[in-house]
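Structural characterization, general
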Amino acid sequence: METTTINNNFKSEEYFINMGPQHPATHGVLRLLLTIDGEIIKKVEPDLGYIHRSIEKMCERDSYQQIVHLTDRMDYLSSHINNEAVCLAVENALEIEVPERVKVIRTIIGELTRIASHTLWWGVMGMDVGALTTYFLGFRDRELINDIFEETCGARLTMNYNIPGGLMYDIHPNFVKRVKDFIAHFKTKLPEYDRLLTGNVIFQKRMKGVGILTKEDAISFGASGPVGRGSGYSCDVRKHHAYSALDKVNFKEVLRTEGDSLARYEVRVQEMWESMSIIEQLIDNIPEGDYKVATNAVIKLPKGEFYQKVEAARGELGVYIVSTGTKNPYRLKFRSPGFSNLSLLNHIAVGGKIGDLVASMATLDIVVPDIDR
Amino acid sequence: MNISLSITKNIHEWLFSIMPEGVASITEMVLIAVVYLAVFAVAGLYLVLLERKVAAWFQLRIGPNRVGWWGLLQTMADALKLVSKELTGTEKADKFLYNLAPYFVIVSALMALAVFPFTQEFQAFDINIGVLFLMAISSIGVIGILVGGWSSNNKFALIGAMRSGVQTISYELSVGLSLLTMVLITGSLQLSEIVEVQKNGWLIVQGHIPAVIAFMIYMIAGTAETNRAPFDLIEAESELGAGFHTEYSGMKFAYFFLAEFINMFIIAAIATTVFFGGWLEPSWLTSLGIAEAFPAIGVVWFVGKTLVIVFLMMWFRWTFPRLRIDQILTLEWKYLLPLNLLNLVLMALIVWLNLTIQL
C-alpha cells in the first residue's frame, strides 16, 4: 500500500509540445504535435497545410508548358528532376521521341541536382545534430553546382530548363569544362565530409541504432529514395524504370540493410559518389544534335491516363495525368516522396528522445513545400 | 620597478591617508570591483568577437568585418543594441524569478574572477581555499539557468532548464575531482600557492600521466559546465529553439550570453592556473630574465595561455556534433567519474612514491 501511494505521488505526466511551424529543426513550416514524457517521445503528429498553394488545382487551370514551371516550387531542391517528370509524362503521352542530346543533358543536370540536394541535406543534417560547420561546407560545394546551372539556364534554384519536347536552350559552351572541374573538385571534398562528420564518434553514437525502419515497414509506408534504400528496399527508379539516358550508364544502387539513421545517412553520401560516376560516364560524349523537337504551341494530350515516375533527390516522384483531350489536364496528381517519407516519422521516432526525433527527421530529408503542395 | 603595481600601491596609500580605515577599505573594494566589472565585461564582448572570428575561420567565412577595423567594434555595437532594446517577456511568467535569473548567472561568473592570480601581486582576493571557492561560485550559475527556464512559463525553456540541472550537477563532480587530483601535488587549495609550486615545472609536467588524464577530464567536464557544444543541450538550437533563454530579450538575454563567455574564460583560466603554471613563463625562458625585469609580463602569459585553451574550446564547439541527454549522463557517470577516481588514486600513489617530475 505504502509504495503505491509514493508511486502515485511521483507519477510522471505526459505533456504536449508544439514543434513548429516556426522551429529550426522542421526546415520550413512543418508543425509537429509532440506528446512527450520527460524527454521520451510518445507520439508525433505532423500537421500540414502551412504552405499549401494548391499546385495540383492550379495545374488543372494551366497548359502543359505552364505546369512545368509550377513543379519547381514543389521540391525546390530537385527542381530540374520535377520538371523532367512532367516533361517525360507529356512526351510519353504525345509519343514524342526526344533527341539523344536532350536525354544526356537532362540526366547530367539531374544528377548534378541530386548532388546539390544531397550536399545541402548533409549541411543541415550536421546542423540538426549540432555540428554547425557542416552547413558551410555543404553550401560551398552546392554553390559551384548552382553556378553551373546559372550559366546554363539563368536560374540557380528554380531552373525551368525542361520544356515538353526538349530543353529551353542549348547548353553553354563552358558547360562540359565546368562540370568536369566540379567533379574534380568534389572528389577531393567529399572525403572531407566523412572526415568531419561521418567518422565522428559522437555522430556515430547519435545515429547508429536510432530511428529504425524495417524493410517491411518501409514498403508498407511507401518509403522511397534513400529512406527506403537505407532499409534495404531496392526502390531506385533510375535502376528499375530507367528514363532519359540512365539506361546507358553503369551505376550501383546503394543499399543498406540496417534501416537506422546512419544507414540513411550513408546511402545519401554514397549516392553522391554514384551520381558523380554517372556524370563522368556521360559528360565526355554528349551527342551532337538538336536540343529540342518542335511541339505544337498548344499541347493537347490524347484522352486517357498517363503516369511517369522519376527518382527525385528524395525518392520516387510520380506524375499522374488524367486528360480529356483538352489543353489542360482534367486532374494532375503528384506522388511526392516527402509525403510518404514523413508519414513514417511517428513510427521511427516514438520511444526515442527529442534529440533522436530531430536526428531521424533530418535523415528523412523532408522539404516541406514538397509535402504540402 | 613595476609600474602597474606602484600605481595600485599609491592609490592604496592615498585612500588610507585621506579616509578612516574602514571607509578606505570599502572604497578600495568597490573600486576594484568596478574595475573588474568594466574590464571583464569588455573582455567578454571581445571573446564573443573572437568566437565569431574563429567560427568564421573554421567555416570558410570572413566573420564580422563591417563595424570598426577587422570588426573590432561589432560586439560593442551588438551590446549597445541589446542594452537599448525593449525588454519583453511572457505575460504569465513568474515575474520576480524571471527577472532575478540573469543576475544569478552573471554575478556568479563575475565573482569567480576575483580569485585568479594574474601575476604574483595582481590578485584581487587571495583566499586559502581558492579552488573550493571557484567550485562553489561556479555552481551558483546553474541556479540562474534553472530558475530562468522554469519561471519563463515556456515548455522549451523548461526542458532546457531541466537538462541544464541534470548536466551541470553531474559534471561538477568531474571538474572538482580532476582539480582535486592536481591539489594532491600542490598540497594547497590557495591559487597563488598552486602557481608558486609550479616554479619547478608546470603541474601537467610534474604530474605527468595522471595530470594529463586529469586535464583531459577537466576539459571535457569544463566544456560541459559552460554548456557549450558538444554539450550545449540546454540551448540546443535544432531541438529547443533557444532552450532556457527562449523568453529572454534585450539586456537580460545579454547577461546570459555574456556569462557564457566569461564562464568559458574562467574554465580556461582555472586550467591555466592549475595545469599550465598560471602567470609563470615557460622554464626555457627564465634564463632571459624578462620576468624579473617586468613582473607585469605575467599577465600576458596568463591571458595568452588562457586564450589558447579558450581557442581549444571554440575548436570543440565548431567541430563536434551535440550529444544526446542520456549519452551525456552515461559519459559522466559510467566513464569519467570512475576514471577520475582511479586517476585520483594513481596520483596519490605517484605523490606518495615521489615519482613527480621536478625540473
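Model, not experiment: these values are computed from the prediction. (Residues numbered from 1 in each chain as written. Chains lettered and ligands numbered in written order. Predicted model: local features only at pLDDT ≥ 70, side-chain atom pairs only at ≥ 80, totals over all residues.)

1. Topic: helix α3 (residues 64-71) of chain A
Residues and elements named next belong to chain A. Considered for burial, the residues of α3 that qualify are Tyr-64, Ile-67, Val-68, Leu-70 and Thr-71. Down the axis of α3, the buried set is contained in an arc of 160°. They therefore lie on one face. Here the buried face of α3 lies against α2 (55-61), α4 (79-94), β4 (162-163) and β8 (329-335). (Buried ≥ 20, exposed ≤ 12 C-beta atoms within 10 Å, placed from the backbone. Helix = DSSP H or I, 4+ residues; strand = E, 2+ residues; numbered from the N terminus. Arc of directions from axis to C-beta. Contact = placed C-beta atoms within 7 Å.)

2. Re the interface of chain B and chain A
Each side of the interface is counted separately: chain B has 23 residues, and chain A has 26 residues. Contributions of two or more residues to the side of chain B that touches chain A are made by α11 (237-240) and α15 (325-352) of chain B. Among the residues making up the side of chain B that touches chain A, the classes are represented as 10 nonpolar, 5 polar and 8 charged. (Nonpolar A, V, L, I, M, F, W, Y, C, P; charged D, E, K, R; others polar.)

3. Remarks on the sheet that holds strand β1 (residues 15-19) of chain A
Residue and element names in this part refer to chain A. With antiparallel pairing, the 3 strands of this open sheet are ordered in space as β1-β2-β3. The two strands at the open ends of the sheet, each matched to only one other strand, are β1 and β3 (40-47). Each neighbouring strand pair of the sheet contributes to a mean axis angle of 25°, computed without reference to strand direction. In the sheet, β1 pairs with strand β2 (residues 31-37) via 5 bridges, with the strands oriented antiparallel. Across the sheet, the residue bridging to Met-19 is Leu-32, located in β2. (Pairing = 2+ DSSP bridges. Axes fitted to C-alpha atoms, helices over the stretch in contact; angles between N-to-C directions.)

4. Side note on unusual backbone geometry
Residues and elements named next belong to chain B. With a phi close to 60°, Trp-70 is a non-glycine residue in the positive phi region. Mapped onto the elements, Trp-70 comes out in the loop between α2 (21-58) and α3 (74-84). Take Trp-70: there are 13 C-beta atoms within 10 Å of it, and that puts it in the partly exposed class. The backbone phi angle of Asn-227 is positive, close to 60°, even though this residue is not glycine. Mapped onto the fold, Asn-227 is located in the loop between α10 (208-225) and α11. A count of 27 C-beta atoms within 10 Å places Asn-227 in the buried class.

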